[in-house]
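Coordinate inspection notes
If you want the building blocks of each chain, they are given just below.
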Amino acid sequence: MPASAGLSSAPEGKPGAIVAVLALAGVVVSLMQTMVIPIVPKLPVLLHATAADTTWAVTATLLAAAVATPTVGRLGDMYGKRRMLLLSVLLLVSGSVLAAVSSSLVLMIAGRALQGLAAGVIPLGISIMRDELPADRLGSATALMSASLGIGGALGLPAAALLAEKADWHLLFWTSAGLGVVVFAFVAALVPESRVRAGGRFDFVGAVGLSAVLVALLLAVSKGSDWGWGSGVTLGLLLGAVATALLWGRWELRVRQPLVDLRTTTRKQVLLTDIASAVFGFAMFAMSLVLPQLLQLPEATGYGLGQSLLTVGLVMAPNGLVMMAVAPISARVSASRGPKATLMLGALVVAAGYGLAIVLMSAVWQLMLVSCVIGAGIGLAYGAMPALVMSAVPVSETAAANSLNTLMRSIGTSVSSAVAGVVLAQLVISVGPAIFPSQNAFRVVLAIGAGAALVALAVAYFIPGGRGAVTAAVRAEQPEASGSPSR
């Protein structure tokens, strides 16, 4: 596959620089998930559109990320992970610039969709680390890279809120574009291209089929509350997703070089890790839905704290710092006890954090404490997930396998948002003419989050514990895949 010199010529990388640059790339890409939150309530006025239409500025990013993540991962395995990483960052910059110059809804949605196409950066970064880092650095590096999704989201919210309050809203996207340019330059200068390639032809039919499944599923989940869960559109999308998934699975099992190797994916270690990841993604997102609302609801409700969005961001920011601090701890636990034990410990800490939140929600410091405890659990678990996946797949399939695992987490968070939305819409109170979710509604969502974390713990318990044995078995089955250098 021909490429320009900028994408194909790669430097010899130093481990420390590689880790720093890839972690920065993950943080910058994750910023796009939260940077738009401060201006969502203002978008109808800013873009001269209805509130229902402006939600597509969020939905478009979700859908684009779901489509891009598995596709970019497979292309990275085939044609070069660094090359696809640079392309993903270029898409982020392009989308940011388009959103920065937009004054209409159509341009904003297009820009946000391009930003979403950069979501493959984190699994690509983890895969580059596997190819380039020495074994003693890999655990802590992949833990940090995996946690960068939460780190960027937590740190980005207060910064975005401050910019939205003090400056023109377009500056949010110019800032994102500028950070993307910096990341592109660092990756081009410091990150080498892996010589491990899968080769073969890209499964275009498989990519289209999986994209159709994901778009139909996530559209139904994210818009079901607006359209009605029993509406023809929602049910049609869900049924279409199931039917298309069955056809797609049949195709993937029959094609010689599939987009997703379902035989590898259904190995017990990979399958259970992906299931645990989806359930854990469901569990962790409850915090992002409940805590900001409790902080911002008016004090007249009796439980709201009446804080500004900037304060919300400052309360949530330590969550990201805790994830960063926990990443090396996650690696050490995985090294001594195995990543299975780390994932179980992370799930247990998250469940404990939600249990704490049910009784501690009456002061800002209490919610900050809860956020930090849950952040610690997320940092532990997110560091273990890529280690479990990478120990069970051939080296040549690392990016695709990590991308699928990242996608499973995203599906979990999307379903969590829908479930929490139903609960918060059903259990309400009236304060004058206004209607708000009741305190019991928030407690129910927190309890559901705790229960989901415990389910993830139970699933993780059945993941095979012999990491070395699994890796050896995989390489014995596919000896050519793990050692096929190709430029």
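Residues numbered from 1 in each chain as written. Predicted model: local features only at pLDDT ≥ 70, side-chain atom pairs only at ≥ 80, totals over all residues. Heavy atoms only, no water.

1. A word on the overall build of the protein chain
If you tally the helices and strands in the protein chain, you get 20 helices and two strands. Taken over C-alpha atoms, the radius of gyration comes to 22 Å for the protein chain, in line with the 23 Å a tight globule of 487 residues would show. The dimensions of the protein chain, computed from C-alpha atoms along their principal axes, are 70 × 45 × 45 Å. Taking contacts inside the protein chain between residues at least 6 apart in sequence as the whole, the part at least 24 apart equals 81%. Summed over its atoms, the accessible surface of the protein chain is roughly 19000 Å², and 69% of this surface lies on carbon and sulfur atoms. Considering the protein chain, the positive charge centre built from 28 side chains and the negative charge centre built from 18 side chains are found 5 Å apart. (Helix = DSSP H or I, 4+ residues; strand = E, 2+ residues; numbered from the N terminus. Rg over C-alpha atoms; globule rule 2.2 N^0.38 Å. Contact = heavy atoms within 4.5 Å. Areas by Shrake-Rupley, 256 points an atom, 1.4 Å probe, with all protein chains shown as cover. Lys, Arg positive; Asp, Glu negative; His and termini not counted. Charge placed at Lys NZ, Arg CZ, Asp CG, Glu CD.)

2. Here we look at the pattern of salt bridges
Going through the model one piece at a time under the given rule, you end up with three salt bridges. The partner of lysine 81 in a salt bridge is aspartate 77, with the nearest N and O atoms 3.9 Å apart. With a relative accessible area of 1%, lysine 81 lands in the buried category. By relative accessible area, which is 0% here, aspartate 77 ends up buried. Here aspartate 131 and lysine 81 are joined by a salt bridge, their closest N and O atoms 2.8 Å apart. Linking aspartate 131 in helix α8 (residues 121-132) with lysine 81 in helix α6 (residues 81-100), this pair joins segments that are 50 residues apart in sequence. One network of salt bridges, in which partners are shared, links Asp77, Lys81 and Asp131. (Salt bridge = Lys/Arg side-chain N within 4 Å of Asp/Glu carboxyl O. Buried < 20%, exposed > 50% of the residue type's maximum accessible area, 1.4 Å probe, protein only.)

3. What about the pairing of strand β2 (residues 434-437)?
Summarising the sheet, strand β1 (residues 428-431) and β2 pair through four bridges and their orientation is antiparallel. Within the sheet, the bridge partner assigned to valine 428 lies in β2 and is proline 437. Here β1 folds back onto β2 in antiparallel fashion, the turn holding two residues, of which glycine 432 has a positive phi close to 65°. (Pairing = 2+ DSSP bridges.)

4. Brief notes about the domain arrangement of the protein chain
Bring the parts together and some accessible area is lost; that lost area is often taken as the interface size. Splitting the protein chain by domain gives domain 1 (13-192), domain 2 (203-258) and domain 3 (261-467). Each of domain 1 and domain 3 has a C-alpha centre, and the two are 20 Å apart. Summed over both partners, the interface of domain 1 with domain 3 comes to about 2700 Å²; 72% of that surface belongs to carbon and sulfur atoms. On the domain 1 side of the interface with domain 3, the three residues burying the most area are Asp77, Arg130 and Ser146, jointly 19% of the side's total. Applying the counting rule to domain 1 against domain 3 returns zero salt bridges. Applying the counting criterion to the domain 1 and domain 3 interface returns three residue pairs in polar contact (both at pLDDT 80 or more). For the side of domain 1 that touches domain 3, the secondary structure elements donating two or more residues are α5 (56-79), α8 and α9 (135-166). At 16 residues, the largest contribution of residues to the side of domain 1 that touches domain 3 is made by α9. Considering only residue class, the side of domain 1 that touches domain 3 consists of 17 nonpolar, eight polar and six charged. (Domains from an automatic or database assignment. Buried area = accessible area lost by both parts, 1.4 Å probe. Polar contact = N/O pair within 3.5 Å; in protein donor to acceptor, adjacent residues only side chain to side chain. Nonpolar A, V, L, I, M, F, W, Y, C, P; charged D, E, K, R; others polar.)

5. Topic: the packing of α9 against helix α10 (residues 170-190)
The interhelical angle for the contact between α9 and α10, taken along N-to-C directions, is 135°, at an axis separation of 8 Å. Between α9 and α10, the crossing angle belongs to the class labelled oblique. Contact residues: Ala160, Leu163 and Ala164 in α9; Leu171, Leu172 and Thr175 in α10. Of the residues in the contact of α9 with α10, the class split is five nonpolar, one polar and no charged. (Axes fitted to C-alpha atoms, helices over the stretch in contact; angles between N-to-C directions. Parallel < 35°, antiparallel > 145°, perpendicular 65-115°, else oblique.)

6. Things to note about empty space enclosed by the protein
Inspection of the entire model under this criterion finds one cavity of 30 Å³ or more. Estimates place the volume of the largest cavity at around 40 Å³. For the lining of the largest cavity, the secondary structure elements donating two or more residues are α14 (268-296), α18 (398-426) and α19 (439-461). Taken together, the residues of the lining of the largest cavity sort by class into six nonpolar, two polar and no charged. (1 Å grid on protein atoms, 1.4 Å probe; cavity = no way out; pocket = protein on both sides within 12 Å on 5 of 7 lines; lining within 4 Å. Points joined across faces, edges and corners; volume = space filled by probe spheres on them.)

7. A look at the packing of helix α15 (residues 309-337) against helix α17 (residues 364-390)
At a minimum axis separation of 7 Å, α15 and α17 run at an interaxial angle of 35°. Where α15 crosses over α17, the two elements pack in a sense that is right-handed. (Left-handed = near helix turned anticlockwise from the far one by under 90°.)

8. Some details on the side chain of serine 391
Counting through the fold element by element, serine 391 comes out in the loop between α17 and α18. With a relative accessible area of 9%, serine 391 lands in the buried category. Side chain to side chain, serine 391 and glutamine 269 meet in a polar contact 2.6 Å long. Polar contacts involving the side chain of serine 391 include one to the main-chain carbonyl oxygen of leucine 388, which spans 3.0 Å.

9. Things to note about the nonpolar core
One finds Phe280, Leu343, Tyr354 and Ile378 to be the most contacted residues of the largest nonpolar core, which totals 59 residues. Secondary structure elements with two or more residues in this core: α9, α14, α15, α16 (339-359), α17, α18 and α19. It is α14 that provides the largest number of residues to this core, a total of 13 residues. Here this core gathers at least three residues from each of two domains, domain 1 (13-192) and domain 3 (261-467). In this structure, leucine 343 is in contact with Ala276, Ala381, Ala384, Met385, Leu388, Ala460 and Ile463, ignoring residues within four places of it in sequence. Listed in part, the 50 residues of the second largest apolar core include Val19, Leu22, Val36 and Leu172. (Core = buried A, V, L, I, M, F, W, Y, C linked by side-chain atoms within 4.5 Å.)

10. A look at the confidence of the model for the protein chain
For the protein chain, the mean per-residue pLDDT works out to 84, and 92% of the residues sit at or above 70. Averaged pLDDT values over the elements of the protein chain bottom out at 39 in helix α20 (residues 467-477) and peak at 95 in α6. Scored below 50 in pLDDT, residues 1-8 shows eleven contacts in the model against residues more than four places distant or in partner chains. Overall, residues 466-487 carries pLDDT values under 50, and its contacts beyond four positions in sequence, including any with other chains, amount to 35 contacts. (pLDDT = per-residue confidence, 0-100.)

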